[in-house]
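# A structural walkthrough
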Amino acid sequence: MYFEDFENSEVMERNGDDVYSKPVRAGKRTYFFDVKATKNNDYYLTITESKRRIEKDGRFSYDKHKIFLYKEDFEKFAEGLEEVVKYIKDRCPVVETRREEGVKELNFEDL
């Protein structure tokens, strides 16, 4: 199986059923959108939220939460996601707050 980096037009060999991966850093979290293949070479998507935390002994660990999304559900999932994102944006627009050191823009990811 190969991992294709479409942005850099590079192809890298990957282990297991991984086909393509797109990490998205958002504040304290990283989201991984991973395309995987079944034994029949049918694709599905896993979405993983990863948040780094510090253990009592000072070591880092990661809390991870994963969902699996199958292609027959893509359209309804995307419609639902779009609807709730629009709902939030309409009711909680981005606002600016003034601080002594300057202006800070608050983003949805800060919540």
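Scroll up to find the structure this text is about.
Residues numbered from 1 in each chain as written. Predicted model: local features only at pLDDT ≥ 70, side-chain atom pairs only at ≥ 80, totals over all residues. Heavy atoms only, no water.

## So, the packing of aromatic side chains
What counts, and what does not: Centre distance within 6.5 Å is the pairing criterion for rings of Phe, Tyr and Trp, where only the six-membered ring of Trp is used; planes under 30 degrees apart are then read as stacked, over 60 as edge-to-face, and the remainder as tilted. In this scheme, the term charge over a ring applies when either NZ of a lysine or CZ of an arginine sits within 6 Å of the ring centre and within 35 degrees of the ring normal.
A full pass over the atoms with the stated rule returns two aromatic pairs. Three or more aromatic residues joined by ring pairs make a cluster, and in this case those are Tyr44, Phe68 and Tyr70. Arg52 extends its terminal NZ or CZ atom over the ring of Phe60, reaching a point 3.9 Å from the ring centre.

## Topic: the side chain of Asp18
Put simply, the rule is: Put simply, DSSP H or I for four residues or longer makes a helix, DSSP E for two residues or longer makes a strand, and each gets a number counted from the N terminus. Only protein chains enter the calculation, and the probe is 1.4 Å; a residue is then buried if its accessible area is under 20% of its type maximum, exposed if over 50%, and partly exposed in between.
On the secondary structure map, Asp18 appears in strand E3 (residues 18–26). Residue Asp18 is classed as buried on the basis of its relative accessible area, which comes to 16%.

## A short note on the sheet that holds strand E4 (residues 29–37)
The condition that has to hold: At least two bridges found by DSSP between two strands are what make those strands a pair. Between N-to-C directions, angles cover 0 to 180 degrees, with each direction set by a line fitted to C-alpha atoms, over the stretch in contact for helices.
An order of E3-E4-E5-E6 is seen for the four strands of this open sheet, with the pairing classed as antiparallel. Across the chains shown, the open sheet's two edge strands, defined by having one partner strand only, are E3 and strand E6 (60–70). When strand polarity is set aside, the average angle formed by the axes of neighbouring strands in this sheet is 20°. As paired strands, E3 and E4 are joined by eight bridges and run antiparallel to one another. Following the sheet pairing, Ala26 is matched in E4 by Arg29.

## Notes on the pattern of salt bridges
Note the cut-off: Here, a salt bridge means any side-chain nitrogen of Lys or Arg that lies within 4 Å of a carboxyl oxygen of Asp or Glu.
Scanning the model with the defined rule gives eight salt bridges in all. Across the pair Asp17 and Lys36 runs a salt bridge, and its minimum N-O distance is 3.8 Å. Taken together, the residues Asp17 in the loop between strand E2 (10–13) and E3 and Lys36 in strand E4 connect sequence positions 19 residues apart. For Asp17, a relative accessible area of 29% gives the class partly exposed. The buried category is assigned to Lys36, whose relative accessible area is 13%.

## What to know about the environment of Phe74
Stated formally: We call two residues in contact whenever any of their non-hydrogen atoms come within 4.5 Å of each other.
Counting through the fold element by element, Phe74 comes out in helix H1 (residues 74–91). Not counting residues within four places of it along the chain, the set of residues in contact with Phe74 comprises Leu45 and Leu69.

## Points about the side chain of Thr46
Turning to its location among the elements, Thr46 is positioned in strand E5 (residues 43–54). You can call Thr46 buried: its relative accessible area is 0%. Those residues within four positions of Thr46 in sequence are excluded, and the remaining contacts are Phe32, Phe33, Asp34, Lys36, Lys66, Ile67 and Phe68.

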